[in-house]
Amino acid sequence: MGHHHQHHSVKNIKTAFFLNFGFTIIEIIGGLLTNSMAILSDALHDLGDSLSLGISWYLQKKSNNKGSNATFSFGYKRFSLLGALINSIILIGGSLFILTQAVPRLLDPEPVQASGMLVLAILGIIVNGAAVLKLRSGKSMNEKVVTWHLLEDVLGWVAVLIVSIVLMFKNIPILDPILSIMITVYVLINVVKNLKKTVMIFLDAVPEGVDFQEITNKISALPGIISTHHTHLWSLDGEQHVLSTHIVVEESLEKAEIINLKKRIQEFVEELNLEHLTIQVDYQDENCLMEESASDDR
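Trainee: So, the packing of helix α7 (residues 212-221) against helix α8 (residues 255-269): which residues are in play, and what are the values?
Mentor: Contact pair α7 / α8: the axes reach a minimum separation of 10 Å and the direction vectors enclose 155°. Put simply, α7 runs roughly antiparallel to α8. Helix-helix and strand crossings are classified by hand; for α7 and α8 the assignment is right-handed. Side by side, α7 and α8 meet where I215, K218 and I219 of the first sit next to I265, F268 and V269 of the second.

Here you go:
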């Protein structure tokens, strides 16, 4: 099931890349033919999107196809996350660039060719909208950030469509920069939120929505367990998580009881979508090697 989802993820990003890159070429030609700086600016932004989508496609594929090795013992899961990080940075840079182009036009609005804008806007909504629908069910951070790339384009073309229709009846060129700024700020806020989530995963934070204290309390409350320590929970890529813990058990516990304890722990952490679960058993009168190492460091 997981492998099917990963293959589906790569296919979705691949489709989005070719849709976006193909339309970028059309956009550049259309911008030159209509002599529209707004469309040419958007073409530049879409070119950046295409670059980041290509990076995402490559990294997601590498993340899925390669297993663990002597260099990456957890495998290549975080390569997909690296794609999300690169995409976020590119999208933030592209958004800031759009703002630098749009803000000056508030003071000095430029005339645009409304009919050409209308045709390209309809085409832009269809192409980018199809890509968003393809990726909207994606669960990985990489797919989520890529979706925001494409959603930004859809919203941008909706703005162009509205402005082009209005300009066909009234000459109010300032509408173009106003709508561009509103949409760019809206998308920028959401991308920054995704960037924060991505950075938190890189920093090995507890996965979002997981109550770490509740997990440690449940483990400690199991019959036969005296206490827990060195419990760590982090995420590989925002989807698949890792849990490791040391449990201190009573001396009287037999092998079958310890095996049962491990099964009990595994049962109530199954919903965490764990990629790896490590449980070290320490007896009550045993000095934990990790604790001794920590004491030596101090």
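Trainee: I'd love a proper account of the packing of aromatic side chains, names of residues and values included.
Mentor: Under the criterion given, the structure shown has three aromatic pairs. Ring centres of F17 and F18 lie 5.1 Å apart, and the angle between their planes is 65°; on these two criteria the pair is classed as edge-to-face. Among the residues examined, F17 registers a relative accessible area of 16% and is labelled buried. With centroids separated by 6.0 Å and ring planes inclined at 15°, the aromatic side chains of F17 and F21 adopt a geometry described as stacked. Residue F17 and its partner F21 are both found in helix α1 (residues 2-34); the two are separated by four residues, about one turn of the helix.

Trainee: I'd like to hear about the nonpolar core, residue by residue, with values.
Mentor: Of all hydrophobic cores here, the largest spans 15 residues; its most connected members are I215, I219, I225, I247, V249, L261 and I265. In terms of residues, this core owes the most to one element, α8, which gives four residues. Contact partners of I215, with chain neighbours within four places excluded, come to V210, L233, F268, V269 and L272. Ranked by size, the runner-up nonpolar core spans twelve residues in total, among them L99, A102, W148 and V191.

Trainee: Please give an account of the side chain of S235 that cites residues and values.
Mentor: Residue position: S235 is located in strand β1 (residues 225-235). There is a polar contact of 3.5 Å between the side chain of S235 and the backbone oxygen of Q240.

Trainee: Pulling in residues and values, what's your account of the environment of I25?
Mentor: As for its placement among the helices and strands, I25 is situated in helix α1. Exposure remark for I25: the relative accessible area of 38% places this residue in the partly exposed category.

Trainee: Tell me what's going on with a nonpolar patch on the surface, and back it up with residues and numbers.
Mentor: Taken together, the side chains of F21, I25, I29, L33 and L47 make up a nonpolar region of the molecular surface, amounting to roughly 480 Å² of accessible area. Broken down by element, the residue count for the nonpolar patch peaks at four residues, all from α1. One can find L33 in helix α1.

Trainee: Account for the pairing of strand β3 (residues 274-283), naming residues and giving values.
Mentor: Pairing geometry for strand β2 (residues 241-249) and β3, over nine bridges, is parallel. Residue H246 lies in a different strand from β3, and its bridge partner there is Q280. The parallel pair β2 and β3, bridged by α8, forms a crossover whose chirality is right-handed.

Trainee: How would you explain the pairing of β2 if you had to name every residue and give the values?
Mentor: Burial of β2 is extensive: nine of the nine residues sit out of reach of the surface. Neither face of β2 is left uncovered, since the one carrying H241, L243, T245, I247 and V249 and the one carrying V242, S244, H246 and V248 both have all their residues buried. What sits between the antiparallel neighbours β1 and β2 is a turn of five residues, in which G238 has the positive phi angle 95°.

Trainee: For the pattern of salt bridges, give the residues involved together with the corresponding values.
Mentor: One pass over the structure, following the stated rule, counts two salt bridges. When the shortest N-O distance is used, the salt bridge between E208 and K197 registers 3.8 Å. With E208 in the loop between α6 (175-202) and α7 and K197 in helix α6, this residue pair connects regions lying eleven residues apart in the sequence. Take K197: its relative accessible area is 33%, and that puts it in the partly exposed class. The partner of K218 in a salt bridge is E214, with the nearest N and O atoms 3.7 Å apart. Of the two residues, K218 and E214 both sit in helix α7, four residues apart, roughly one turn of that helix. Using a relative accessible area of 38% as the deciding quantity, one classes K218 as partly exposed. The partly exposed category is assigned to E214, whose relative accessible area is 40%.

Trainee: So what about unusual backbone geometry? Which residues, and what values?
Mentor: Most peptide bonds are trans, and most residues other than glycine sit at a negative phi. Positive phi, normally seen in glycine, also occurs at D204, with a value near 60°. Residue position: D204 is located in the loop between α6 and α7. Taking the relative accessible area as the measure of exposure, D204 reaches 41% and is therefore partly exposed. Its identity as a non-glycine residue notwithstanding, H230 has a phi of 50°, on the positive side. Note that H230 resides in strand β1. Note on H230: relative accessible area 26%, which makes it partly exposed.

Calculation rules
Residues numbered from 1 in each chain as written. Predicted model: local features only at pLDDT ≥ 70, side-chain atom pairs only at ≥ 80, totals over all residues. Heavy atoms only, no water. Axes fitted to C-alpha atoms, helices over the stretch in contact; angles between N-to-C directions. Helix = DSSP H or I, 4+ residues; strand = E, 2+ residues; numbered from the N terminus. Parallel < 35°, antiparallel > 145°, perpendicular 65-115°, else oblique. Left-handed = near helix turned anticlockwise from the far one by under 90°. Contact = heavy atoms within 4.5 Å. Phe/Tyr/Trp six-rings, centres within 6.5 Å; stacked < 30°, edge-to-face > 60°. Buried < 20%, exposed > 50% of the residue type's maximum accessible area, 1.4 Å probe, protein only. Core = buried A, V, L, I, M, F, W, Y, C linked by side-chain atoms within 4.5 Å. Polar contact = N/O pair within 3.5 Å; in protein donor to acceptor, adjacent residues only side chain to side chain. Patch = residues over 30% accessible without salt bridge, like charges linked within 9 Å, V, L, I, M, F, W, Y side chains within 5 Å. Areas by Shrake-Rupley, 256 points an atom, 1.4 Å probe, with all protein chains shown as cover. Salt bridge = Lys/Arg side-chain N within 4 Å of Asp/Glu carboxyl O. Pairing = 2+ DSSP bridges. Right-handed = clockwise from strand over helix to strand, strands pointing away.

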